[in-house]
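# Structure at a glance
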Amino acid sequence: SQQGEEDPQALSIQEGENATMNCSYKTSINNLQWYRQNSGRGLVHLILIRSNEREKHSGRLRVTLDTSKKSSSLLITASRAADTASYFCATKDTGRRALTFGSGTRLQVQP
Amino acid sequence: NAGVTQTPKFQVLKTGQSMTLQCAQDMNHNSMYWYRQDPGMGLRLIYYSASEGTTDKGEVPNGYNVSRLNKREFSLRLESAAPSQTSVYFCASSESQAGGNTGELFFGEGSRLTVL
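Residues numbered from 1 in each chain as written. Chains lettered and ligands numbered in written order. Predicted model: local features only at pLDDT ≥ 70, side-chain atom pairs only at ≥ 80, totals over all residues. Heavy atoms only, no water.

In this section: the overall build of chain A. For chain A, the helix and strand inventory stands at zero helices and 11 strands. Listed N to C, the secondary structure of chain A is β-β-β-β-β-β-β-β-β-β-β in terms of helices and strands. In terms of C-alpha radius of gyration, chain A reaches 13 Å, essentially the compact-globule figure of 13 Å for 111 residues. Once the C-alpha set of chain A is aligned to its principal axes, its extents read approximately 45 × 30 × 20 Å. Looking at chain A as a whole, 48% of its 111 residues qualify as buried. A fraction of 56% describes how many contacts in chain A between residues 6 or more apart in sequence connect residues 24 or more apart. Per element, the accessible surface of chain A, about 5200 Å² overall, is 43% carbon and sulfur. (Helix = DSSP H or I, 4+ residues; strand = E, 2+ residues; numbered from the N terminus. Rg over C-alpha atoms; globule rule 2.2 N^0.38 Å. Buried < 20%, exposed > 50% of the residue type's maximum accessible area, 1.4 Å probe, protein only. Contact = heavy atoms within 4.5 Å. Areas by Shrake-Rupley, 256 points an atom, 1.4 Å probe, with all protein chains shown as cover.)

Structure (structure tokens):
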């Protein structure tokens, strides 16, 4: 069963705008990770946030985690056409040995 | 440094045929994984290997078998392919983490399988 559920399923914005994607999950986690997938390619790790962290930054990426609401958000600032891709959250659930992935958000950045 | 290499990239099978997907990593990672990706369903874990010599079932193991041949290689076998196994298959690897945690996964480029 899916653990993380992303929202929205699809997002279309103009270059330069910010993109926000949300992820909700159901169980206790050790960490939450975000991945990017370009069309026809494998997934690439973007950022990891641990359960005791609330916010993390990496370049134009900002991730927040609210364990009380079992939710996370990924913000991409000043988006570029090259950011067009699908974005997945993945959780490391307590007691499981592998990551559980959500169904993803398809981001389209119009030039 | 090739990372995670999967073969073949594309394969068409007829129902009932068998095949093996190969995966190798050159990062000296202990843990390796097989996921499948279907439209609108994200990635689902088929099998994983926490370390050389061990394998465990994931969320959707039925119809598949795996072999952790050595630390580098983790293969996925379909003994009797079915149309429901049409999917994109991804192999991934990661370092072991303290406390049983799982860090960053490194993915291959995927193997696109069609079962007619």
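This part is about the side chain of B:Q85. Note that B:Q85 resides in the loop between β8 (74–78) and β9 (87–94). Assessed through its relative accessible area of 5%, B:Q85 is described here as buried.

Further remarks concern the interface of chain A and chain B. At the junction of the two partners, chain A supplies 21 residues and chain B supplies 23 residues. Summed over both sides, the interface of chain A with chain B buries roughly 1800 Å², with 49% coming from carbon and sulfur. Taken as a group, A:L43, A:R97 and A:F101 account for 28% of the area that chain A buries against chain B, more than any other trio of residues on that side. Summed over the shared surface of chain A and chain B, the number is one salt bridge. Across the salt bridge formed by A:R41 and B:E109, the nearest N and O atoms sit 2.4 Å from each other. Here chain A is connected to chain B by six residue pairs in polar contact (both at pLDDT 80 or more). Within the residue set of the side of chain A that touches chain B, elements represented by two or more residues are β4 (29–37), β5 (43–50), β9 (85–93) and β10 (99–101) of chain A. By residue number, the principal contributor to the side of chain A that touches chain B is β4(A), which donates five residues. Here the side of chain A that touches chain B is composed, by residue class, of seven nonpolar, 11 polar and three charged. (Buried area = accessible area lost by both parts, 1.4 Å probe. Salt bridge = Lys/Arg side-chain N within 4 Å of Asp/Glu carboxyl O. Polar contact = N/O pair within 3.5 Å; in protein donor to acceptor, adjacent residues only side chain to side chain. Nonpolar A, V, L, I, M, F, W, Y, C, P; charged D, E, K, R; others polar.)

Time to look at the packing of aromatic side chains. If you walk through the whole model with that rule in mind, you get nine aromatic pairs over all chains. Centre to centre, the rings of A:F101 and B:Y35 are 5.3 Å apart; their planes meet at 85°, and the pair counts as edge-to-face. Linking A:F101 in strand β10 with B:Y35 in strand β4 (residues 31–37), this pair reaches from one chain into another. We note that A:F101, like B:Y35, is buried. Considering the side-chain rings of A:F101 and B:F107, the 5.9 Å spacing of their centres and the 75° angle between planes classify their relative orientation as edge-to-face. One end of the pair, A:F101, is in strand β10; the other, B:F107, is in strand β10 (residues 106–107), on a second chain. B:F107 shares its class with A:F101; the two are buried. Among the aromatic side chains, those forming a connected cluster through ring pairs are A:Y35, A:F101, B:Y33, B:Y35, B:Y48, B:F90 and B:F107. (Phe/Tyr/Trp six-rings, centres within 6.5 Å; stacked < 30°, edge-to-face > 60°.)

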